[in-house]
Amino acid sequence: AEKYQMKRIEANDPFAIYRKGFQQYDEGDYSSAFEWYTKAAELGDVEAHSRLVLLYHHGHGVEKDFDKLIHHLEEAAIGGHPGARYKLGYNERINDRTERALKHLIIGATQGDDDSIKLLMDMFKNGMVNKEDLAAALRAHQAAVDATKSPQRKAAEQNYRRGFMLTREYMLK
């Protein structure tokens, strides 16, 4: 597996490079994780941008830097990362930029992000979102969630859980 991963990295496969960064992060080598994530992000990996946000937020392997954090959040959001949309919306909300917050949160909701819906509902309770916009966001969110459901996904999840349970039982012996 390691040999295959290195072959993919040499071929500039953004996902393989991202995975290498993830491994380094898991091992606590944040500086190396930063290097791998940066390379994957430069190659267009949206999740790598999201992970760089964590590094800049916590100061792992890099200096804490809010401007770079926001830059990578924006890149992840543009790339379609729903969690990044929520985080941008949340940031705009706490900085009293309600209209910008709404735009990010509605996009996040249409991508199926639960946190975006929760914050929109909270903003509705506080009179910051009108009923029509919330209803549209709820419908779009439900459509996104429904789109991820299929008999194949359900079977795959059941098989995964069954395999996990067997593995766990084996490990406990």
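Everything below is about the structure printed above this text.
A short tour of the structure in this document, coming up. (Residues numbered from 1 in each chain as written. Predicted model: local features only at pLDDT ≥ 70, side-chain atom pairs only at ≥ 80, totals over all residues. Heavy atoms only, no water.)

1. Focus on the pattern of salt bridges
Between side chains of opposite charge, a pair can form as their charged atoms come close. With the rule as written, the count across this model stands at 5 salt bridges. Of the charged contacts in the structure, one is a salt bridge between D13 and R8, with a shortest N-O distance of 3.2 Å. In this structure, R93 and D96 form a salt bridge, with 3.6 Å as the shortest nitrogen-oxygen distance. We classify D96 as exposed; its relative accessible area is 64%. (Salt bridge = Lys/Arg side-chain N within 4 Å of Asp/Glu carboxyl O. Buried < 20%, exposed > 50% of the residue type's maximum accessible area, 1.4 Å probe, protein only.)

2. Some remarks on the nonpolar core
Counting 23 residues, the largest nonpolar core has F34, Y37, L52, L55, L69 and L73 as its most contacted members. Membership of the second largest hydrophobic core comes to 11 residues, among which are A101, L120, M123 and V129. (Core = buried A, V, L, I, M, F, W, Y, C linked by side-chain atoms within 4.5 Å.)

3. A short note on unusual backbone geometry
Peptide bonds are, in most cases, trans, and in most cases residues other than glycine have a negative phi. Despite not being glycine, N12 shows a phi value in the positive range, around 60°. Positive phi outside glycine occurs at D96, with the angle close to 55°. With respect to the helices and strands, the residue D96 is situated in the loop between helix 6 (82–94) and helix 7 (98–110). (Helix = DSSP H or I, 4+ residues; strand = E, 2+ residues; numbered from the N terminus.)

4. As for the packing of aromatic side chains
If you walk through the whole model with that rule in mind, you get 6 aromatic pairs. An aromatic cluster is defined as three or more aromatic residues linked by ring pairs; in this entry it consists of F15, Y18, F22 and Y37. Note that R51 overlies the ring of Y25, its terminal NZ or CZ placed 4.7 Å from the centroid. (Phe/Tyr/Trp six-rings, centres within 6.5 Å; stacked < 30°, edge-to-face > 60°. Lys NZ or Arg CZ within 6 Å of the ring centre and 35° of its normal.)

5. Quick word on the environment of T148
Within the fold, T148 resides in the loop between helix 9 (131–147) and helix 10 (151–172). Note on T148: relative accessible area 41%, which makes it partly exposed. Residues T148 and G112 lie 36 residues apart in sequence; the distance between their C-alpha atoms is 9.1 Å. Polar side-chain contacts of T148 include one of 2.7 Å to the backbone oxygen of V145. (Polar contact = N/O pair within 3.5 Å; in protein donor to acceptor, adjacent residues only side chain to side chain.)

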